[in-house]
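Each chain is listed here by its residues.
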Amino acid sequence: MLARFFRSSKRSFADSLSEQEILALGIASEEDDARIYLAYADRLRREFPASAKIFEDMAEVENTHRKSLIEIHRQRFGERIPLIRREHVEGFYERKPDWLRANLSLDAMRRETEAMEEQAYRFYVEAAKRTSDASTRELLGDLALAEQGHEDIARMLGDKHTPEDVKHDEDATVHRQFVLTYVQPGLAGLMDGSVSTLAPIFAAAFATQDTWQTFLVGLSASVGAGISMGFTEAAHDDGKISGRGSPIKRGLACGIMTALGGLGHALPYLIPHFWTATITAAVVVFFELWAIAFIQNRYMETPFLRAAFQVVLGGGLVLGAGILIGNG
């Protein structure tokens, strides 16, 4: 009774597939993988034409495998190929649909390709063990070796289609997109959260001498600024013309970093002793400002001393204004 209740609706690869179904499964899998590679090529063609060509060639290799499998199926079982796909088989490797791959980076696509070929290799090895016909077994063994060698094929295709200067240009494009989509909005948020909340937090601290009230002011200022900055970043540019990437990703990066920038020097006021909390918050502010200068130097190519001077001077002025207002 319980076995029937928990029984999977999928077929067992090890126990229930016939040799004809194994061949049909291989045919369907090669078709799917070829489509995935072509989808990668279409996505990359505008920005990375050389890498797009690599995936087109990989799709052609998969189509060659499919034709070989169809031919051996025709010889042994005729023209009718059973309808069986990887999602019908228990334990068989799966492929995500195109809409879940739409936002993969070039490096992620390369890693996914390596995983796909490794999984295909294991399938053909196991399929060959379950095949008694000599010609079919030979073909499946050859396909296993071919899939195992696809990493080398991809490397050779890369050398053919993406020489060092092209790879350098593609890597530069990837880095630029990362900076535009994540670093630039995140840095703007961190600067706003770290600097703009200094005045209200330290003004509240020195005006009330109450660490809990100061924490509440800092929490509300940080969260409010994060929400405001996040929506502003996402709404003012859809990224289609500027090329800055998804507005949702930029909005999240900006909003989260804005909130973290303010919370950094608000959290110390959970310490009940006023001067201990204030000194701790001041130390956190120091590290926040130097972190901003480092990011500007690392990703925005701003000279470190100039970035440090601008950030520290601006932060110091805002901090001083908050303390003066709080003591006023």
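Refer to the structure above for everything that follows.
Read on for an overview of the structure.

Quick notes on the rules
Residues numbered from 1 in each chain as written. Predicted model: local features only at pLDDT ≥ 70, side-chain atom pairs only at ≥ 80, totals over all residues. Heavy atoms only, no water. Helix = DSSP H or I, 4+ residues; strand = E, 2+ residues; numbered from the N terminus. Polar contact = N/O pair within 3.5 Å; in protein donor to acceptor, adjacent residues only side chain to side chain. Contact = heavy atoms within 4.5 Å. Core = buried A, V, L, I, M, F, W, Y, C linked by side-chain atoms within 4.5 Å. Buried < 20%, exposed > 50% of the residue type's maximum accessible area, 1.4 Å probe, protein only. Patch = residues over 30% accessible without salt bridge, like charges linked within 9 Å, V, L, I, M, F, W, Y side chains within 5 Å. Areas by Shrake-Rupley, 256 points an atom, 1.4 Å probe, with all protein chains shown as cover. Salt bridge = Lys/Arg side-chain N within 4 Å of Asp/Glu carboxyl O.

What about the side chain of His265?
Summarising the element assignment, His265 is placed in helix H10 (residues 247-266). Of the polar contacts made by the side chain of His265, one reaches the side chain of Thr197; its length is 2.9 Å. One polar contact links the side chain of His265 to the main-chain carbonyl oxygen of Gly261, over a distance of 3.4 Å. Every residue in contact with His265, bar those within four places of it in the chain, is listed here: Gly193, Ser194, Thr197, Leu198, Ile201, Ala281, Val284, Val285 and Glu288.

Things to note about the nonpolar core
By size, the foremost hydrophobic cluster in this structure holds 19 residues, and its most contacted members are Leu17, Leu25, Leu69, Ile84, Phe123, Tyr124 and Leu140. Looking at this core, the elements that each hand over two or more residues are helix H2 (19-44), helix H3 (49-77), helix H4 (106-129) and helix H5 (134-148). Broken down by element, this core gets its largest block of residues, 5 residues, from H2. Those residues within four positions of Ile84 in sequence are excluded, and the remaining contacts are Leu17, Glu21, Ala24, Leu25, Ala28 and Val89. Residues Leu187, Leu190, Phe274 and Ile292 belong to the second largest nonpolar core, which totals 16 residues.

Focus: a nonpolar patch on the surface
A contiguous nonpolar patch, built from Trp275, Ile279, Val283, Phe286, Phe287, Trp290, Phe294, Phe304 and Leu305 and spanning about 980 Å² of accessible area, is present on the exposed surface. Of all the elements, helix H11 (residues 274-299) adds the most residues to the nonpolar patch, at 7 residues. Counting through the fold element by element, Phe294 comes out in helix H11. Residue Phe294 is classed as partly exposed on the basis of its relative accessible area of 47%.

What to know about the pattern of salt bridges
The full count for this structure, using the stated rule, is 11 salt bridges. Glu56 serves as the salt-bridge partner of Arg45, at 2.3 Å between the closest nitrogen and oxygen. Note that Arg45 is positioned in the loop between H2 and H3 and Glu56 in helix H3, a separation of 11 residues in sequence. Accessibility expressed as a relative area gives 37% for Arg45, which makes it partly exposed.

Any link to function would need more than the numbers given here.
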